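One letter stands for each residue in the lines below.
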Amino acid sequence: MAVLTLTRNMAVFLDRDGVICKDVHYLSNPKQFELLPGVAEGVRLLNGLNVRVIVITNQSGIARGYFTEYDLEKIHRRMTYELYKRDARIDAVYYCPHHPGDGCDCRKPRIGLLKRAERDFNLDLKWCFMVGDRELDVKTGWNAGCTSILVPSSETEKGVEADHILPNLYDAAKLVKMTLETFQIRHVNPPFPMSRRE
(Lines give C-alpha, C1' and ligand atoms only; values in the text may rest on other atoms or scores of the structure.)
Protein backbone atom coordinates (compact mmCIF):
# COMPACT_ATOMS: atom_id res chain seq x y z
CA MET A 1 0.00 0.00 0.00
CA ALA A 2 2.83 2.43 0.74
CA VAL A 3 4.21 2.00 -2.76
CA LEU A 4 0.80 2.53 -4.41
CA THR A 5 0.31 5.74 -2.46
CA LEU A 6 3.78 6.90 -3.42
CA THR A 7 3.48 6.22 -7.14
CA ARG A 8 0.55 8.60 -7.50
CA ASN A 9 3.10 11.37 -6.95
CA MET A 10 5.76 10.13 -9.35
CA ALA A 11 6.10 10.16 -13.11
CA VAL A 12 8.30 8.92 -15.88
CA PHE A 13 9.03 11.74 -18.30
CA LEU A 14 9.67 10.64 -21.88
CA ASP A 15 11.35 12.44 -24.71
CA ARG A 16 9.39 11.80 -27.92
CA ASP A 17 11.68 11.50 -30.96
CA GLY A 18 14.15 8.65 -30.62
CA VAL A 19 12.44 7.26 -27.51
CA ILE A 20 8.77 6.85 -28.41
CA CYS A 21 8.93 7.18 -32.17
CA LYS A 22 11.47 6.98 -34.95
CA ASP A 23 13.42 10.24 -35.16
CA VAL A 24 12.32 12.04 -38.31
CA HIS A 25 13.88 15.48 -38.32
CA TYR A 26 11.07 18.00 -37.83
CA LEU A 27 8.31 15.41 -37.92
CA SER A 28 5.38 17.34 -39.41
CA ASN A 29 2.91 14.74 -40.67
CA PRO A 30 1.11 12.05 -38.64
CA LYS A 31 1.81 9.59 -41.47
CA GLN A 32 5.53 9.84 -40.61
CA PHE A 33 4.92 8.74 -37.02
CA GLU A 34 6.33 5.28 -36.29
CA LEU A 35 6.39 3.69 -32.83
CA LEU A 36 9.72 2.18 -31.82
CA PRO A 37 9.98 -1.44 -30.60
CA GLY A 38 9.23 -1.93 -26.92
CA VAL A 39 7.46 1.41 -26.47
CA ALA A 40 3.90 0.15 -26.06
CA GLU A 41 5.09 -2.62 -23.74
CA GLY A 42 7.06 -0.14 -21.65
CA VAL A 43 4.25 2.39 -21.37
CA ARG A 44 1.77 -0.38 -20.54
CA LEU A 45 4.06 -1.63 -17.78
CA LEU A 46 4.31 1.87 -16.30
CA ASN A 47 0.52 2.26 -16.49
CA GLY A 48 0.19 -0.94 -14.48
CA LEU A 49 2.50 0.50 -11.82
CA ASN A 50 0.20 3.51 -11.36
CA VAL A 51 3.02 5.79 -12.55
CA ARG A 52 2.24 8.89 -14.61
CA VAL A 53 3.67 8.75 -18.13
CA ILE A 54 4.34 12.26 -19.45
CA VAL A 55 5.94 13.30 -22.74
CA ILE A 56 8.35 16.26 -22.65
CA THR A 57 9.46 17.41 -26.10
CA ASN A 58 11.18 20.35 -27.80
CA GLN A 59 9.36 21.31 -30.99
CA SER A 60 11.17 24.31 -32.45
CA GLY A 61 9.80 23.38 -35.87
CA ILE A 62 6.79 25.50 -34.90
CA ALA A 63 8.89 28.62 -34.39
CA ARG A 64 10.86 27.85 -37.56
CA GLY A 65 7.64 27.65 -39.57
CA TYR A 66 8.03 23.99 -40.55
CA PHE A 67 4.68 23.01 -39.05
CA THR A 68 1.91 24.49 -36.91
CA GLU A 69 0.67 23.71 -33.43
CA TYR A 70 -2.38 22.14 -35.09
CA ASP A 71 -0.07 19.84 -37.07
CA LEU A 72 1.68 18.89 -33.83
CA GLU A 73 -1.66 18.18 -32.16
CA LYS A 74 -2.53 15.77 -34.99
CA ILE A 75 0.80 13.98 -34.56
CA HIS A 76 0.23 13.61 -30.84
CA ARG A 77 -3.29 12.31 -31.47
CA ARG A 78 -1.73 9.68 -33.72
CA MET A 79 0.79 8.82 -31.00
CA THR A 80 -1.98 8.48 -28.42
CA TYR A 81 -4.09 6.35 -30.75
CA GLU A 82 -1.22 4.00 -31.66
CA LEU A 83 -0.57 3.41 -27.98
CA TYR A 84 -4.28 3.09 -27.15
CA LYS A 85 -4.58 0.30 -29.73
CA ARG A 86 -1.89 -1.51 -27.74
CA ASP A 87 -3.52 -0.93 -24.33
CA ALA A 88 -1.03 1.76 -23.34
CA ARG A 89 -1.73 5.31 -22.16
CA ILE A 90 0.12 8.63 -22.12
CA ASP A 91 -1.15 10.88 -19.33
CA ALA A 92 0.00 14.21 -20.78
CA VAL A 93 2.16 15.83 -23.44
CA TYR A 94 4.09 19.03 -22.77
CA TYR A 95 6.00 20.71 -25.60
CA CYS A 96 8.17 23.76 -26.14
CA PRO A 97 7.31 25.53 -29.43
CA HIS A 98 10.09 28.11 -29.19
CA HIS A 99 13.27 28.68 -31.17
CA PRO A 100 16.49 27.76 -29.31
CA GLY A 101 17.50 31.42 -29.30
CA ASP A 102 14.29 32.65 -27.68
CA GLY A 103 15.59 32.14 -24.13
CA CYS A 104 12.41 30.53 -22.84
CA ASP A 105 12.35 28.46 -19.65
CA CYS A 106 10.51 25.52 -21.22
CA ARG A 107 13.05 24.31 -23.77
CA LYS A 108 15.08 21.35 -22.53
CA PRO A 109 17.51 21.22 -20.76
CA ARG A 110 15.63 23.90 -18.81
CA ILE A 111 12.92 22.47 -16.60
CA GLY A 112 9.90 24.70 -17.15
CA LEU A 113 7.83 21.88 -18.65
CA LEU A 114 8.68 19.50 -15.81
CA LYS A 115 7.74 22.16 -13.27
CA ARG A 116 4.38 22.59 -15.02
CA ALA A 117 3.81 18.84 -14.83
CA GLU A 118 4.84 18.92 -11.17
CA ARG A 119 2.09 21.45 -10.45
CA ASP A 120 -0.53 19.83 -12.67
CA PHE A 121 -0.07 16.33 -11.25
CA ASN A 122 1.20 17.14 -7.74
CA LEU A 123 4.45 15.30 -8.46
CA ASP A 124 7.52 14.89 -6.32
CA LEU A 125 10.31 15.36 -8.88
CA LYS A 126 12.94 13.59 -6.79
CA TRP A 127 10.89 10.41 -7.29
CA CYS A 128 10.61 10.90 -11.06
CA PHE A 129 12.60 9.57 -14.00
CA MET A 130 13.56 11.30 -17.25
CA VAL A 131 14.07 9.01 -20.26
CA GLY A 132 15.71 10.39 -23.39
CA ASP A 133 18.19 9.72 -26.16
CA ARG A 134 20.18 12.97 -26.04
CA GLU A 135 22.50 14.68 -23.58
CA LEU A 136 19.98 17.50 -23.15
CA ASP A 137 17.41 14.96 -21.92
CA VAL A 138 19.84 13.63 -19.33
CA LYS A 139 20.66 17.17 -18.20
CA THR A 140 16.97 18.05 -18.02
CA GLY A 141 16.40 15.20 -15.60
CA TRP A 142 19.38 16.15 -13.48
CA ASN A 143 18.43 19.84 -13.48
CA ALA A 144 15.00 18.88 -12.10
CA GLY A 145 16.37 16.45 -9.50
CA CYS A 146 15.13 13.36 -11.36
CA THR A 147 16.92 10.12 -12.17
CA SER A 148 18.02 10.20 -15.82
CA ILE A 149 17.90 7.19 -18.14
CA LEU A 150 19.60 7.28 -21.53
CA VAL A 151 18.08 5.17 -24.30
CA PRO A 152 20.65 5.53 -27.09
CA SER A 153 19.58 6.23 -30.66
CA SER A 154 21.30 7.29 -33.87
CA GLU A 155 21.10 10.87 -32.55
CA THR A 156 22.89 10.19 -29.25
CA GLU A 157 26.11 12.15 -28.87
CA LYS A 158 29.33 10.29 -28.10
CA GLY A 159 30.35 10.00 -24.47
CA VAL A 160 27.00 10.88 -22.93
CA GLU A 161 26.63 9.62 -19.37
CA ALA A 162 23.48 9.06 -17.36
CA ASP A 163 22.33 7.42 -14.15
CA HIS A 164 21.33 4.41 -16.26
CA ILE A 165 21.88 3.50 -19.92
CA LEU A 166 19.38 0.99 -21.30
CA PRO A 167 18.54 -0.23 -24.82
CA ASN A 168 14.88 0.79 -25.01
CA LEU A 169 11.86 2.11 -23.16
CA TYR A 170 10.67 -1.32 -22.10
CA ASP A 171 13.93 -1.93 -20.25
CA ALA A 172 13.63 1.51 -18.67
CA ALA A 173 10.14 0.63 -17.46
CA LYS A 174 11.43 -2.63 -15.99
CA LEU A 175 14.04 -0.63 -14.06
CA VAL A 176 11.29 1.56 -12.60
CA LYS A 177 9.32 -1.55 -11.63
CA MET A 178 12.38 -3.14 -10.01
CA THR A 179 13.05 0.04 -8.03
CA LEU A 180 9.49 0.19 -6.72
CA GLU A 181 9.59 -3.48 -5.78
CA THR A 182 12.85 -2.94 -3.93
CA PHE A 183 11.38 -0.19 -1.79
CA GLN A 184 8.24 -2.21 -1.14
CA ILE A 185 10.29 -5.13 0.13
CA ARG A 186 12.42 -2.94 2.39
CA HIS A 187 9.47 -0.90 3.73
CA VAL A 188 11.43 2.32 3.48
CA ASN A 189 10.62 5.64 1.88
CA PRO A 190 13.86 7.35 0.78
CA PRO A 191 14.24 9.04 -2.62
CA PHE A 192 15.59 7.07 -5.55
CA PRO A 193 19.40 6.95 -5.86
CA MET A 194 20.68 10.47 -6.14
CA SER A 195 21.22 11.70 -9.67
CA ARG A 196 24.77 12.65 -10.51
CA ARG A 197 25.34 16.32 -11.27
CA GLU A 198 28.40 18.06 -12.60
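A word on the side chain of Thr140. As for its position among the elements, Thr140 is in helix α5 (residues 135-144). Within polar-contact distance, the side chain of Thr140 engages the backbone oxygen of Leu136 at 2.6 Å. Residues in contact with Thr140, not counting those within four places in the same chain, are Lys108, Pro109, Arg110, Ile111 and Leu114.

The two faces of strand β5 (residues 147-150) match: Thr147 and Ile149 on one face and Ser148 and Leu150 on the other face are all buried. In the classification by handedness, the crossover that spans strand β4 (residues 129-132), the intervening α5 and the parallel β5 is right-handed. Pairing geometry for β5 and strand β6 (residues 164-165), over two bridges, is parallel. Considered in β6, the bridge of Leu150 is made with Ile165.

Take the pattern of salt bridges next. The tally for this structure, following the rule as stated, stands at 16 salt bridges. Residue Arg77 is joined to Glu73 by a salt bridge in which the shortest nitrogen-to-oxygen separation is 2.9 Å. Remark: Glu73 and Arg77 occur in helix α3 (residues 69-84); sequence separation between them is four residues, near one turn of the helix. Notably, a salt bridge pairs Asp171 with Lys174, separated by 3.3 Å at the nearest N-O pair. Taken as a pair, Asp171 and Lys174 lie in helix α6 (residues 169-186) at a separation of three residues, close to a single helical turn. Within the structure, one salt-bridge network assembled from shared partners comprises Arg78, Glu82, Lys85 and Arg86.

Cut-offs applied
Residues numbered from 1 in each chain as written. Predicted model: local features only at pLDDT ≥ 70, side-chain atom pairs only at ≥ 80, totals over all residues. Heavy atoms only, no water. Helix = DSSP H or I, 4+ residues; strand = E, 2+ residues; numbered from the N terminus. Polar contact = N/O pair within 3.5 Å; in protein donor to acceptor, adjacent residues only side chain to side chain. Contact = heavy atoms within 4.5 Å. Buried < 20%, exposed > 50% of the residue type's maximum accessible area, 1.4 Å probe, protein only. Right-handed = clockwise from strand over helix to strand, strands pointing away. Pairing = 2+ DSSP bridges. Salt bridge = Lys/Arg side-chain N within 4 Å of Asp/Glu carboxyl O.

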